[in-house]
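# Architecture and fold: a report
These are the residues of each chain, in order.
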Amino acid sequence: MKQHRSRLMRFFLFTGFAALFSQAAFSAELGLEDIRRAAVLASPDMRKLEIDKRNQALAKMAYYFTYIPTLSASASASFSPFEAAKGDALDALDAGARFSISGKISIFDRGKAKNERANLSLNDSVLDVKTQAQFFAILEEADNHYFNCLEAEAAIKTAELQAEISAVALETAEIRRAGGILSPSDYFLALSNKSAADSSLAAARTNRSLALRRLEQLIGSGGTIELLPLDFGNYEELLDRISRWTMEEISDRFLTLKEELASRSPSLKSAYITLQQAENRYNLTKSAFLPSLDLSASFNLDYNIIARPPADPLSYGASVTLSGTIPLDYWNLINSEQQQRNSLENSRIDYQDTLAAFDINLQSQLFTLAGNAQTLIANRRQAEYSALLLEQQQELFRLSSASMTTFLDAASRSLSSETQKTRAEFSFLRSLSALKSLGAFGDEELLSLL
(Lines give C-alpha, C1' and ligand atoms only; values in the text may rest on other atoms or scores of the structure.)
Protein backbone atom coordinates (compact mmCIF):
# COMPACT_ATOMS: atom_id res chain seq x y z
CA MET A 1 0.00 0.00 0.00
CA LYS A 2 2.86 2.38 0.83
CA GLN A 3 4.47 1.62 -2.54
CA HIS A 4 1.16 2.35 -4.27
CA ARG A 5 0.84 5.71 -2.50
CA SER A 6 4.45 6.52 -3.39
CA ARG A 7 3.85 5.78 -7.04
CA LEU A 8 0.67 7.82 -7.05
CA MET A 9 2.53 10.73 -5.44
CA ARG A 10 5.23 10.56 -8.11
CA PHE A 11 2.49 10.51 -10.73
CA PHE A 12 0.87 13.68 -9.43
CA LEU A 13 4.23 15.38 -9.05
CA PHE A 14 4.92 14.62 -12.69
CA THR A 15 1.55 16.07 -13.64
CA GLY A 16 2.28 19.19 -11.62
CA PHE A 17 5.68 19.69 -13.20
CA ALA A 18 4.07 19.45 -16.62
CA ALA A 19 2.26 22.72 -15.88
CA LEU A 20 5.60 24.51 -15.70
CA PHE A 21 6.19 24.13 -19.43
CA SER A 22 4.99 27.00 -21.56
CA GLN A 23 4.34 27.61 -25.24
CA ALA A 24 7.93 28.84 -25.55
CA ALA A 25 9.02 25.20 -25.62
CA PHE A 26 7.41 24.81 -29.05
CA SER A 27 9.97 27.10 -30.67
CA ALA A 28 12.72 24.44 -30.32
CA GLU A 29 12.92 20.89 -31.61
CA LEU A 30 10.79 18.57 -29.52
CA GLY A 31 11.63 15.07 -28.40
CA LEU A 32 9.31 12.39 -27.10
CA GLU A 33 9.37 13.62 -23.49
CA ASP A 34 8.62 17.19 -24.62
CA ILE A 35 5.62 15.95 -26.62
CA ARG A 36 4.33 13.99 -23.64
CA ARG A 37 4.54 16.93 -21.25
CA ALA A 38 2.93 19.30 -23.73
CA ALA A 39 0.09 16.84 -24.41
CA VAL A 40 -0.68 16.51 -20.69
CA LEU A 41 -0.62 20.28 -20.28
CA ALA A 42 -2.93 20.87 -23.25
CA SER A 43 -5.41 18.08 -22.48
CA PRO A 44 -8.96 19.35 -21.84
CA ASP A 45 -9.79 16.05 -20.12
CA MET A 46 -7.08 16.62 -17.53
CA ARG A 47 -8.37 20.13 -16.87
CA LYS A 48 -11.92 18.79 -16.45
CA LEU A 49 -10.68 16.16 -14.00
CA GLU A 50 -8.99 18.90 -12.00
CA ILE A 51 -12.33 20.72 -11.79
CA ASP A 52 -13.98 17.46 -10.69
CA LYS A 53 -11.42 17.18 -7.89
CA ARG A 54 -12.24 20.68 -6.68
CA ASN A 55 -15.96 19.83 -6.71
CA GLN A 56 -15.25 16.64 -4.79
CA ALA A 57 -13.35 18.63 -2.16
CA LEU A 58 -16.34 20.95 -1.84
CA ALA A 59 -18.68 17.97 -1.48
CA LYS A 60 -16.55 16.60 1.37
CA MET A 61 -16.55 19.99 3.03
CA ALA A 62 -20.35 20.20 2.72
CA TYR A 63 -20.66 16.77 4.36
CA TYR A 64 -18.65 17.81 7.40
CA PHE A 65 -20.63 21.05 7.64
CA THR A 66 -23.58 18.91 8.78
CA TYR A 67 -21.78 18.38 12.09
CA ILE A 68 -21.67 22.13 12.81
CA PRO A 69 -24.58 23.48 14.93
CA THR A 70 -27.19 25.46 13.04
CA LEU A 71 -27.24 29.20 13.70
CA SER A 72 -30.05 31.58 12.76
CA ALA A 73 -31.08 35.15 13.47
CA SER A 74 -34.27 36.95 12.53
CA ALA A 75 -36.06 40.22 13.08
CA SER A 76 -39.68 41.04 12.41
CA ALA A 77 -42.15 43.90 12.84
CA SER A 78 -45.86 44.23 12.17
CA PHE A 79 -48.47 46.96 12.59
CA SER A 80 -52.25 46.55 12.71
CA PRO A 81 -53.97 49.82 11.67
CA PHE A 82 -57.42 48.73 12.93
CA GLU A 83 -56.05 48.01 16.37
CA ALA A 84 -54.30 51.40 16.37
CA ALA A 85 -57.63 53.14 15.71
CA LYS A 86 -59.07 51.63 18.88
CA GLY A 87 -56.31 52.74 21.22
CA ASP A 88 -52.63 53.39 21.60
CA ALA A 89 -50.67 52.95 18.36
CA LEU A 90 -47.91 51.15 20.25
CA ASP A 91 -50.37 48.43 21.17
CA ALA A 92 -50.83 47.72 17.47
CA LEU A 93 -47.07 47.42 16.89
CA ASP A 94 -45.27 44.12 17.32
CA ALA A 95 -41.49 44.04 16.74
CA GLY A 96 -38.76 41.75 17.96
CA ALA A 97 -35.59 39.81 17.13
CA ARG A 98 -34.56 36.20 17.68
CA PHE A 99 -31.26 34.31 17.76
CA SER A 100 -31.20 30.53 17.90
CA ILE A 101 -28.64 27.75 17.88
CA SER A 102 -29.44 24.09 17.50
CA GLY A 103 -27.51 20.90 16.99
CA LYS A 104 -28.18 17.24 16.51
CA ILE A 105 -25.99 14.26 17.36
CA SER A 106 -26.76 10.80 16.10
CA ILE A 107 -26.08 8.35 18.92
CA PHE A 108 -26.80 5.35 16.72
CA ASP A 109 -27.38 5.96 13.00
CA ARG A 110 -27.22 2.32 11.84
CA GLY A 111 -23.78 2.90 10.31
CA LYS A 112 -25.00 5.56 7.89
CA ALA A 113 -22.27 8.10 8.71
CA LYS A 114 -19.56 5.44 8.43
CA ASN A 115 -20.84 4.42 4.99
CA GLU A 116 -21.06 8.03 3.85
CA ARG A 117 -17.47 8.70 4.89
CA ALA A 118 -16.36 5.51 3.15
CA ASN A 119 -18.16 6.58 -0.03
CA LEU A 120 -16.52 10.01 0.10
CA SER A 121 -13.15 8.31 0.34
CA LEU A 122 -14.05 5.98 -2.53
CA ASN A 123 -15.14 8.96 -4.63
CA ASP A 124 -11.68 10.43 -4.09
CA SER A 125 -10.16 7.13 -5.16
CA VAL A 126 -12.35 7.04 -8.27
CA LEU A 127 -11.09 10.46 -9.32
CA ASP A 128 -7.49 9.48 -8.61
CA VAL A 129 -7.83 6.35 -10.74
CA LYS A 130 -9.59 8.24 -13.55
CA THR A 131 -6.86 10.86 -13.50
CA GLN A 132 -4.14 8.23 -13.56
CA ALA A 133 -5.81 6.32 -16.40
CA GLN A 134 -6.35 9.51 -18.39
CA PHE A 135 -2.78 10.58 -17.79
CA PHE A 136 -1.31 7.39 -19.22
CA ALA A 137 -3.85 7.36 -22.05
CA ILE A 138 -2.61 10.81 -23.05
CA LEU A 139 0.98 9.59 -22.88
CA GLU A 140 0.13 6.67 -25.16
CA GLU A 141 -1.69 8.99 -27.57
CA ALA A 142 1.28 11.38 -27.56
CA ASP A 143 3.63 8.46 -28.27
CA ASN A 144 1.48 7.29 -31.18
CA HIS A 145 1.26 10.75 -32.72
CA TYR A 146 5.00 11.25 -32.33
CA PHE A 147 5.72 7.85 -33.90
CA ASN A 148 3.27 8.60 -36.72
CA CYS A 149 5.16 11.78 -37.56
CA LEU A 150 8.54 10.06 -37.53
CA GLU A 151 7.20 7.16 -39.58
CA ALA A 152 5.76 9.64 -42.08
CA GLU A 153 9.15 11.37 -42.24
CA ALA A 154 10.85 8.03 -42.92
CA ALA A 155 8.27 7.32 -45.63
CA ILE A 156 9.22 10.59 -47.34
CA LYS A 157 12.89 9.57 -47.39
CA THR A 158 11.96 6.23 -48.91
CA ALA A 159 9.73 7.95 -51.47
CA GLU A 160 12.53 10.40 -52.32
CA LEU A 161 14.89 7.46 -52.89
CA GLN A 162 12.28 5.84 -55.10
CA ALA A 163 11.97 9.09 -57.07
CA GLU A 164 15.77 9.25 -57.52
CA ILE A 165 15.97 5.65 -58.73
CA SER A 166 13.06 6.13 -61.13
CA ALA A 167 14.64 9.35 -62.44
CA VAL A 168 17.93 7.55 -63.12
CA ALA A 169 16.06 4.69 -64.79
CA LEU A 170 14.12 7.12 -67.00
CA GLU A 171 17.24 9.09 -67.90
CA THR A 172 19.03 5.88 -68.87
CA ALA A 173 15.98 4.73 -70.81
CA GLU A 174 15.87 7.94 -72.83
CA ILE A 175 19.55 7.64 -73.69
CA ARG A 176 19.18 4.04 -74.79
CA ARG A 177 15.98 4.81 -76.66
CA ALA A 178 17.74 7.56 -78.56
CA GLY A 179 20.46 5.01 -79.44
CA GLY A 180 17.83 2.51 -80.59
CA ILE A 181 18.81 -0.13 -78.05
CA LEU A 182 15.70 0.03 -75.82
CA SER A 183 12.36 -1.53 -76.52
CA PRO A 184 9.23 0.69 -76.36
CA SER A 185 7.82 -1.45 -73.53
CA ASP A 186 10.87 -0.78 -71.33
CA TYR A 187 10.66 2.93 -72.06
CA PHE A 188 6.98 3.06 -71.15
CA LEU A 189 7.80 1.05 -68.03
CA ALA A 190 10.36 3.69 -67.01
CA LEU A 191 7.82 6.47 -67.63
CA SER A 192 5.16 4.68 -65.62
CA ASN A 193 7.59 4.00 -62.78
CA LYS A 194 8.63 7.67 -62.67
CA SER A 195 5.00 8.81 -62.47
CA ALA A 196 4.26 6.32 -59.71
CA ALA A 197 7.31 7.50 -57.76
CA ASP A 198 6.24 11.14 -58.05
CA SER A 199 2.75 10.21 -56.86
CA SER A 200 4.14 8.26 -53.87
CA LEU A 201 6.34 11.19 -52.89
CA ALA A 202 3.41 13.62 -53.01
CA ALA A 203 1.26 11.26 -50.92
CA ALA A 204 4.07 10.81 -48.38
CA ARG A 205 4.44 14.57 -47.97
CA THR A 206 0.69 14.92 -47.51
CA ASN A 207 0.66 12.20 -44.85
CA ARG A 208 3.49 13.89 -42.99
CA SER A 209 1.68 17.23 -43.02
CA LEU A 210 -1.50 15.63 -41.67
CA ALA A 211 0.43 13.76 -38.97
CA LEU A 212 2.13 16.99 -37.89
CA ARG A 213 -1.17 18.88 -37.76
CA ARG A 214 -2.70 16.18 -35.56
CA LEU A 215 0.30 16.28 -33.26
CA GLU A 216 0.21 20.08 -33.07
CA GLN A 217 -3.47 19.94 -32.17
CA LEU A 218 -2.77 17.37 -29.45
CA ILE A 219 -0.10 19.49 -27.75
CA GLY A 220 -1.88 22.82 -28.33
CA SER A 221 0.85 24.31 -30.53
CA GLY A 222 -0.06 27.44 -32.41
CA GLY A 223 2.62 27.00 -35.09
CA THR A 224 4.71 24.46 -36.94
CA ILE A 225 6.91 22.31 -34.75
CA GLU A 226 10.16 20.47 -35.40
CA LEU A 227 10.71 16.97 -34.05
CA LEU A 228 13.93 15.44 -32.83
CA PRO A 229 14.75 12.09 -34.43
CA LEU A 230 14.36 8.99 -32.30
CA ASP A 231 17.51 7.08 -31.40
CA PHE A 232 16.42 3.48 -31.85
CA GLY A 233 19.81 2.37 -30.59
CA ASN A 234 18.49 2.87 -27.05
CA TYR A 235 16.13 -0.06 -27.63
CA GLU A 236 18.52 -2.47 -29.33
CA GLU A 237 19.40 -4.47 -26.24
CA LEU A 238 15.74 -4.75 -25.24
CA LEU A 239 14.75 -5.67 -28.80
CA ASP A 240 17.33 -8.43 -28.96
CA ARG A 241 16.24 -9.83 -25.59
CA ILE A 242 12.51 -9.78 -26.38
CA SER A 243 12.99 -11.30 -29.84
CA ARG A 244 14.55 -14.35 -28.16
CA TRP A 245 11.66 -14.96 -25.77
CA THR A 246 10.34 -18.51 -25.74
CA MET A 247 6.78 -19.44 -24.81
CA GLU A 248 7.97 -20.35 -21.31
CA GLU A 249 9.68 -16.97 -20.92
CA ILE A 250 6.54 -15.15 -22.06
CA SER A 251 4.55 -17.07 -19.44
CA ASP A 252 7.10 -16.12 -16.78
CA ARG A 253 6.90 -12.46 -17.79
CA PHE A 254 3.12 -12.68 -17.66
CA LEU A 255 3.14 -13.94 -14.07
CA THR A 256 5.68 -11.31 -13.02
CA LEU A 257 3.77 -8.44 -14.61
CA LYS A 258 0.40 -9.72 -13.39
CA GLU A 259 1.62 -9.68 -9.80
CA GLU A 260 3.06 -6.19 -10.26
CA LEU A 261 -0.05 -4.87 -11.98
CA ALA A 262 -2.59 -6.25 -9.51
CA SER A 263 -2.28 -3.18 -7.29
CA ARG A 264 -1.57 -0.49 -9.88
CA SER A 265 -3.49 -1.11 -13.10
CA PRO A 266 -6.11 1.67 -13.50
CA SER A 267 -8.67 -0.73 -14.96
CA LEU A 268 -8.31 -3.20 -12.07
CA LYS A 269 -8.38 -0.48 -9.44
CA SER A 270 -11.48 1.06 -11.00
CA ALA A 271 -13.27 -2.30 -11.03
CA TYR A 272 -12.35 -2.95 -7.40
CA ILE A 273 -13.59 0.48 -6.29
CA THR A 274 -16.88 -0.11 -8.12
CA LEU A 275 -17.25 -3.39 -6.21
CA GLN A 276 -16.55 -1.63 -2.89
CA GLN A 277 -19.17 1.02 -3.65
CA ALA A 278 -21.73 -1.71 -4.35
CA GLU A 279 -20.87 -3.40 -1.05
CA ASN A 280 -21.32 -0.10 0.82
CA ARG A 281 -24.73 0.45 -0.75
CA TYR A 282 -25.78 -3.07 0.20
CA ASN A 283 -24.55 -2.68 3.80
CA LEU A 284 -26.42 0.62 4.08
CA THR A 285 -29.61 -1.06 2.86
CA LYS A 286 -29.25 -3.86 5.42
CA SER A 287 -28.73 -1.36 8.24
CA ALA A 288 -32.08 0.25 7.44
CA PHE A 289 -33.76 -2.59 9.39
CA LEU A 290 -32.21 -1.30 12.64
CA PRO A 291 -33.60 1.53 14.82
CA SER A 292 -31.84 4.88 15.07
CA LEU A 293 -31.28 7.11 18.09
CA ASP A 294 -30.66 10.90 17.97
CA LEU A 295 -29.90 13.56 20.56
CA SER A 296 -30.75 17.18 19.71
CA ALA A 297 -30.37 20.42 21.65
CA SER A 298 -31.53 23.97 20.97
CA PHE A 299 -31.22 27.40 22.57
CA ASN A 300 -33.35 30.46 21.70
CA LEU A 301 -32.84 34.09 22.66
CA ASP A 302 -35.73 36.53 22.01
CA TYR A 303 -35.84 40.29 22.42
CA ASN A 304 -39.10 42.27 22.21
CA ILE A 305 -38.22 45.76 21.05
CA ILE A 306 -41.43 47.46 22.23
CA ALA A 307 -41.84 45.66 25.54
CA ARG A 308 -42.68 48.06 28.36
CA PRO A 309 -42.12 47.63 32.10
CA PRO A 310 -42.78 45.57 34.06
CA ALA A 311 -42.44 43.11 31.11
CA ASP A 312 -38.89 41.90 30.46
CA PRO A 313 -37.96 42.45 26.79
CA LEU A 314 -35.38 39.65 26.92
CA SER A 315 -36.43 36.00 27.10
CA TYR A 316 -34.68 32.74 26.38
CA GLY A 317 -35.31 29.07 26.28
CA ALA A 318 -33.45 25.78 25.82
CA SER A 319 -34.42 22.18 25.19
CA VAL A 320 -32.81 18.78 24.93
CA THR A 321 -34.56 16.02 23.04
CA LEU A 322 -33.78 12.33 22.76
CA SER A 323 -35.61 10.65 19.90
CA GLY A 324 -35.59 7.26 18.28
CA THR A 325 -36.95 5.83 15.04
CA ILE A 326 -38.02 2.25 14.42
CA PRO A 327 -38.78 1.26 10.81
CA LEU A 328 -42.01 -0.68 10.36
CA ASP A 329 -42.44 -0.83 6.57
CA TYR A 330 -40.37 -4.01 6.27
CA TRP A 331 -41.93 -4.90 2.92
CA ASN A 332 -40.22 -1.86 1.35
CA LEU A 333 -36.95 -2.53 3.18
CA ILE A 334 -36.88 -6.18 2.09
CA ASN A 335 -37.57 -5.20 -1.50
CA SER A 336 -34.78 -2.61 -1.45
CA GLU A 337 -32.37 -5.05 0.22
CA GLN A 338 -32.99 -7.67 -2.46
CA GLN A 339 -32.42 -5.14 -5.23
CA GLN A 340 -29.09 -4.06 -3.71
CA ARG A 341 -28.09 -7.68 -3.22
CA ASN A 342 -28.68 -8.31 -6.93
CA SER A 343 -26.70 -5.19 -7.81
CA LEU A 344 -23.85 -6.38 -5.60
CA GLU A 345 -23.87 -9.76 -7.30
CA ASN A 346 -23.71 -8.04 -10.69
CA SER A 347 -20.75 -5.97 -9.49
CA ARG A 348 -18.94 -9.12 -8.36
CA ILE A 349 -19.53 -10.70 -11.77
CA ASP A 350 -18.25 -7.56 -13.48
CA TYR A 351 -15.16 -7.56 -11.27
CA GLN A 352 -14.36 -11.18 -12.04
CA ASP A 353 -14.94 -10.50 -15.73
CA THR A 354 -12.56 -7.53 -15.55
CA LEU A 355 -9.89 -9.73 -13.95
CA ALA A 356 -10.27 -12.34 -16.69
CA ALA A 357 -10.26 -9.71 -19.45
CA PHE A 358 -7.16 -8.15 -17.93
CA ASP A 359 -5.33 -11.48 -18.01
CA ILE A 360 -6.17 -11.92 -21.68
CA ASN A 361 -5.22 -8.33 -22.46
CA LEU A 362 -1.87 -8.63 -20.70
CA GLN A 363 -1.04 -11.90 -22.44
CA SER A 364 -2.06 -10.37 -25.77
CA GLN A 365 0.19 -7.37 -25.17
CA LEU A 366 3.16 -9.62 -24.36
CA PHE A 367 2.60 -11.85 -27.39
CA THR A 368 2.21 -8.76 -29.58
CA LEU A 369 5.41 -7.28 -28.20
CA ALA A 370 7.35 -10.48 -28.79
CA GLY A 371 5.85 -10.88 -32.27
CA ASN A 372 6.69 -7.30 -33.22
CA ALA A 373 10.28 -7.78 -32.03
CA GLN A 374 10.70 -10.96 -34.08
CA THR A 375 9.07 -9.33 -37.12
CA LEU A 376 11.44 -6.37 -36.85
CA ILE A 377 14.51 -8.62 -36.74
CA ALA A 378 13.25 -10.52 -39.80
CA ASN A 379 12.40 -7.32 -41.69
CA ARG A 380 15.85 -5.93 -41.01
CA ARG A 381 17.44 -8.98 -42.59
CA GLN A 382 15.05 -8.77 -45.52
CA ALA A 383 15.84 -5.08 -46.02
CA GLU A 384 19.59 -5.80 -45.90
CA TYR A 385 19.36 -8.59 -48.51
CA SER A 386 17.06 -6.53 -50.73
CA ALA A 387 19.50 -3.61 -50.62
CA LEU A 388 22.36 -5.91 -51.69
CA LEU A 389 20.20 -7.28 -54.50
CA LEU A 390 19.38 -3.75 -55.66
CA GLU A 391 23.04 -2.78 -55.61
CA GLN A 392 23.89 -5.80 -57.77
CA GLN A 393 21.03 -5.24 -60.24
CA GLN A 394 21.83 -1.54 -60.47
CA GLU A 395 25.40 -2.34 -61.50
CA LEU A 396 24.20 -4.92 -64.03
CA PHE A 397 21.67 -2.45 -65.40
CA ARG A 398 24.40 0.17 -65.78
CA LEU A 399 26.42 -2.37 -67.79
CA SER A 400 23.32 -3.27 -69.84
CA SER A 401 23.44 -6.81 -68.44
CA ALA A 402 20.08 -6.53 -66.69
CA SER A 403 16.73 -5.46 -68.14
CA MET A 404 14.73 -2.45 -67.07
CA THR A 405 12.11 -4.74 -65.56
CA THR A 406 14.65 -6.67 -63.47
CA PHE A 407 16.28 -3.48 -62.18
CA LEU A 408 12.97 -1.81 -61.27
CA ASP A 409 11.69 -5.00 -59.63
CA ALA A 410 14.80 -5.09 -57.44
CA ALA A 411 14.34 -1.41 -56.59
CA SER A 412 10.68 -1.99 -55.70
CA ARG A 413 11.59 -4.96 -53.53
CA SER A 414 14.29 -3.00 -51.71
CA LEU A 415 12.06 0.02 -51.09
CA SER A 416 9.17 -2.17 -49.92
CA SER A 417 11.48 -3.99 -47.51
CA GLU A 418 12.73 -0.69 -46.11
CA THR A 419 9.14 0.47 -45.59
CA GLN A 420 8.24 -2.77 -43.81
CA LYS A 421 11.31 -2.43 -41.59
CA THR A 422 10.32 1.11 -40.61
CA ARG A 423 6.75 0.05 -39.84
CA ALA A 424 8.04 -2.85 -37.75
CA GLU A 425 10.26 -0.51 -35.73
CA PHE A 426 7.39 1.78 -34.82
CA SER A 427 5.00 -1.14 -34.24
CA PHE A 428 7.49 -2.42 -31.67
CA LEU A 429 7.62 1.00 -29.98
CA ARG A 430 3.82 1.29 -30.00
CA SER A 431 3.45 -2.11 -28.33
CA LEU A 432 5.85 -0.95 -25.60
CA SER A 433 3.78 2.21 -25.12
CA ALA A 434 0.53 0.21 -24.91
CA LEU A 435 2.00 -2.11 -22.26
CA LYS A 436 3.20 0.90 -20.27
CA SER A 437 -0.28 2.44 -20.36
CA LEU A 438 -1.90 -0.84 -19.30
CA GLY A 439 0.09 -0.98 -16.08
CA ALA A 440 0.71 2.74 -15.48
CA PHE A 441 4.45 2.16 -15.76
CA GLY A 442 7.24 4.65 -16.16
CA ASP A 443 9.67 3.95 -19.00
CA GLU A 444 12.55 2.76 -16.84
CA GLU A 445 10.17 0.77 -14.64
CA LEU A 446 8.78 -1.16 -17.59
CA LEU A 447 12.18 -1.83 -19.13
CA SER A 448 13.45 -3.26 -15.84
CA LEU A 449 10.51 -5.70 -15.71
CA LEU A 450 11.01 -6.83 -19.29
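Residues numbered from 1 in each chain as written. Predicted model: local features only at pLDDT ≥ 70, side-chain atom pairs only at ≥ 80, totals over all residues. Heavy atoms only, no water.

### As for the overall build of the protein
Here is the rule: Only runs of H or I of at least four residues qualify as helices and only runs of E of at least two qualify as strands under DSSP, and these elements are numbered from the N terminus. To sort residues, take the accessible area from a 1.4 Å probe on protein chains only and compare it with the maximum for the residue type: under 20% means buried, over 50% means exposed, and anything in between is partly exposed. In this description, contact between two residues means that some pair of their heavy atoms is separated by no more than 4.5 Å. Computed with the Shrake-Rupley method and a 1.4 Å probe, the accessible areas treat only the protein chains shown as cover for residues.
When you go through the protein residue by residue, the secondary structure sums to twelve helices and six strands. Sorting the 450 residues of the protein into buried and exposed places 34% on the buried side. Of the contacts formed within the protein by residues at least 6 apart in sequence, a portion of 81% connects residues at least 24 apart. A total accessible area of about 26,200 Å² is found for the protein, and carbon and sulfur atoms account for 56% of it.

### Topic: the packing of aromatic side chains
The relation between two aromatic rings is expressed through the spacing of the ring centres and the mutual angle of the planes. Under the convention used in this document: Pairs were defined over the aromatic rings of Phe, Tyr and Trp, the Trp ring being its six-membered one, requiring ring centres within 6.5 Å. Orientation was assigned from the angle between planes: stacked under 30 degrees, edge-to-face over 60, tilted for the rest. Charge over a ring is defined by NZ of Lys or CZ of Arg lying within 6 Å of the ring centre and within 35 degrees of the ring normal.
A full pass over the atoms with the stated rule returns eight aromatic pairs. A ring pair is formed by Y187 and F188, whose centres lie 6.0 Å apart and whose planes are at 50°; its orientation type is tilted. Under the relative-accessibility criterion, Y187 is labelled buried at 13%. Among the aromatic residues, those joined into a cluster by ring pairs are Y146, F147 and F426. The aromatic ring of F397 is capped on one face by R176, whose charged end is 4.6 Å from the ring centroid.

### Some details on the confidence of the model for the protein
Selection criterion: Confidence of the predictor at the level of single residues is captured by pLDDT, which takes values from 0 to 100.
Of the residues in the protein, 86% reach a pLDDT of 70 or more, and the chain-wide mean stands at 82. Helix α1 (residues 2–18) is the least confidently modelled element of the protein, averaging 43 in pLDDT, while helix α6 (residues 184–219) averages 92, the highest of any element. Here residues 1–26 scores under 50 on pLDDT; set against residues more than four positions off or in separate chains, the count is 35 contacts.

### Some points on the nonpolar core
Using the following cut-off: Among the buried residues, those of types Ala, Val, Leu, Ile, Met, Phe, Trp, Tyr and Cys that are joined through side-chain atoms within 4.5 Å form a nonpolar core.
In this structure, L227, I242, L362, L366, F428, L435 and L450 are the most contacted members of the largest nonpolar core, which totals 54 residues. Counting only elements with at least two residues in this core, the list comes to α2 (32–42), α3 (44–65), α5 (112–178), α6, α7 (236–243), α8 (247–261), α10 (330–398) and α11 (404–439). At ten residues, the largest contribution of residues to this core is made by α5. The residues contacting I242, other than those within four sequence positions of it, are L369, A370, A373, F428 and L450. Of all hydrophobic cores here, the second largest spans 14 residues; its members include L170, L390, F397 and A411.

### Considering a nonpolar patch on the surface
Quick note on the threshold: Nonpolar side chains (Val, Leu, Ile, Met, Phe, Trp, Tyr) are joined into patches within 5 Å and like charges within 9 Å, using only residues with over 30% relative accessible area and no salt bridge. Each salt bridge in this description consists of a side-chain nitrogen of Lys or Arg and a carboxyl oxygen of Asp or Glu lying within 4 Å of one another.
On the surface, a cluster of nonpolar side chains totalling about 650 Å² of accessible area is made up of L71, F99, I101, F299, L301, L314 and Y316. Of all the elements in the fold, those that place two or more residues in the nonpolar patch are β3 (93–108), β5 (292–304) and β6 (314–325). Note on placement: Y316 falls in strand β6. Classification of Y316 by relative accessible area gives exposed; the value is 64%.

### Brief notes about unusual backbone geometry
Here the phi dihedral of S400 falls at roughly 65°; this positive angle occurs in a residue that is not glycine. If you trace the backbone, S400 turns up in the loop between α10 and α11.

### Focus on the packing of α2 against α6
Selection criterion: Here an angle of 0 to 180 degrees is reported between the N-to-C directions of two axes, which are lines fitted to C-alpha atoms, with helices fitted over the stretch in contact. Should an angle lie under 35 degrees it is considered roughly parallel, over 145 roughly antiparallel, and from 65 to 115 roughly perpendicular; all remaining angles are considered oblique. For this classification, the nonpolar set comprises Ala, Val, Leu, Ile, Met, Phe, Trp, Tyr, Cys and Pro, the charged set comprises Asp, Glu, Lys and Arg, and every other residue, Gly included, is treated as polar.
For the pair α2 and α6, interaxial distance at closest approach is 7 Å and the crossing angle is 55°. Between α2 and α6, the interaxial angle falls into the category oblique. Only L215, L218 and I219 of α6 make contact with α2, whose side of the interface consists of I35, A38, A39 and A42. For the contact of α2 with α6, the residue count by class is seven nonpolar, no polar and no charged.

### Comments concerning the pattern of salt bridges
Applying the stated criterion across every chain yields a total of 17 salt bridges. In this structure, the salt-bridge partner of D198 is K194, at a minimum N-O distance of 2.9 Å. Linking D198 with K194, this pair stays in helix α6, spanning four residues, or about one helical turn. Between E395 and R398 there is a salt bridge, with its nearest N and O atoms 2.5 Å apart. One end of the pair, E395, and the other, R398, are both in helix α10, three residues apart, so they sit about a helical turn from each other. According to the relative accessible area criterion, R398 is exposed, its value standing at 56%. What emerges from the salt-bridge pattern is a single network uniting E33, R36, D143 and K436.

### Some points on the side chain of T158
Tracing the backbone through its elements, the reader meets T158 in helix α5. Not counting the four nearest positions on each side in its chain, T158 is found in contact with L415, E418 and T419.

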